[in-house]
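Listed here are the chains, written in short residue letters.
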Amino acid sequence: IGTQVWATKNLNVTTFRNGDSIPQAKTDSEWEAAGENKQPAWCYYDNNAANGAKYGILYNWYAVSKISNGNKNVCPTGWHVPTDAEWTTLNNFLGGESIAGGKMKSTSSLWNTSYYSNMGATNESGFTGHPGGSRYNGGSFWDLGILGYWWSASQFDAMNAWFEKLIINNNSSFKNKWHKSIACSVRCIRD
């Protein structure tokens, strides 16, 4: 996409590049403890492996940030978690945040159109953004089928990091900051 090469699927790995395991947090208390202790963790949405196959795995920021995980990379060799600046480059190439989301969203039935239409979705960029939802720092899951969230490698402050969001009923791409213990998808970009 422009000068960037993005993976076309969300990350779905349970180990760092060096082979070390990323701890899975199934229960609400396991997820909450990982965030409170600033430890890497991953989960399937609703702890259902079928969701991992469709949408990829959800990770807290401590799993994706080399700042907090001992300089380990969660992406395969030759790839990395995009920085906030790299997300901005993508949005700018696609015409700006106000229209980039539609060009990034897949036209797949994974978007739950029972209540809203998948506004502006063309996937003309080839990004193929799916709505993998998220997991709150207390452990509850939400937004599967209607929102996609992707971490950046860039932190905002000691508690929050930048992420990118696509919404079913909007053709924009949204940048925001979120608590590092929240679960988001990861989309790798080539080095």
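See above for the structure.
These numbers were taken from a predicted model, which means no experiment stands behind them.

K.L.:
Help me out: how do you make sense of the nonpolar core in this one?
P.N.:
The tendency in soluble globular proteins is for nonpolar side chains to be buried as a group. Membership of the largest hydrophobic core comes to 26 residues, with the highest contact counts inside it found for Tyr59, Val64, Val74, Trp151 and Val186. Those elements giving two or more residues to this core turn out to be α3 (61-64), β6 (147-155) and β7 (160-167). Judged by nonpolar contacts, the second largest core, of twelve residues, contains Leu94, Met104, Phe127 and Ile168.

K.L.:
Looking at this structure, I do not really get the sheet that holds strand β8 (residues 173-179). What am I missing?
P.N.:
For sheets, the rule is that strands pair by backbone hydrogen bonds, running either parallel or antiparallel. If you trace the three strands from one edge of the open sheet to the other, you get β6-β7-β8, paired in antiparallel fashion. If you trace the sheet from one side to the other, it starts and ends with β6 and β8, each paired once. Taking the axes of each pair of neighbouring strands and ignoring which way they run, one obtains an average angle of 30 degrees across the sheet. Pairing of β6 with β7, which is carried by six bridges, proceeds in the antiparallel orientation. Residue pairing in the sheet places Trp151 in a bridge with Phe163 of β7. Its contacts with the sheet place helix α4 (residues 84-93) against β6, β7 and β8, and it is angled at close to 130 degrees to β6.

K.L.:
Which parts of the structure should I look at to understand the environment of Trp6?
P.N.:
Along the chain, Trp6 falls in the segment before α1 (28-36). A residue is classified by how much of its surface remains accessible, and Trp6, at 7% relative accessible area, is buried. Setting aside residues up to four positions removed in sequence, Trp6 forms contacts with Ile1, Trp79, Pro82, Glu86, Trp87, Leu90, Phe127, Arg187, Cys188 and Ile189.

K.L.:
Looking at this model, I keep getting lost on α1. Mind explaining?
P.N.:
One turn of an α-helix holds 3.6 residues; hence residues three or four places apart share an orientation. Among the residues of α1, Trp31, Ala34 and Gly35 are the ones counted as buried. One side of α1 carries all its buried residues, which in axial view fall inside an arc of 95 degrees. Of the residues in α1, the exposed ones pointing more than 90 degrees away from the buried face are Ser29 and Glu36. In this fold, the buried residues of α1 make contact with β1 (42-43), β2 (58-59), α3 and β4 (134-135).

Rules of the game
- Residues numbered from 1 in each chain as written.
- Predicted model: local features only at pLDDT ≥ 70, side-chain atom pairs only at ≥ 80, totals over all residues.
- Heavy atoms only, no water.
- Core = buried A, V, L, I, M, F, W, Y, C linked by side-chain atoms within 4.5 Å.
- Buried < 20%, exposed > 50% of the residue type's maximum accessible area, 1.4 Å probe, protein only.
- Helix = DSSP H or I, 4+ residues; strand = E, 2+ residues; numbered from the N terminus.
- Pairing = 2+ DSSP bridges.
- Axes fitted to C-alpha atoms, helices over the stretch in contact; angles between N-to-C directions.
- Contact = heavy atoms within 4.5 Å.
- Arc of directions from axis to C-beta.

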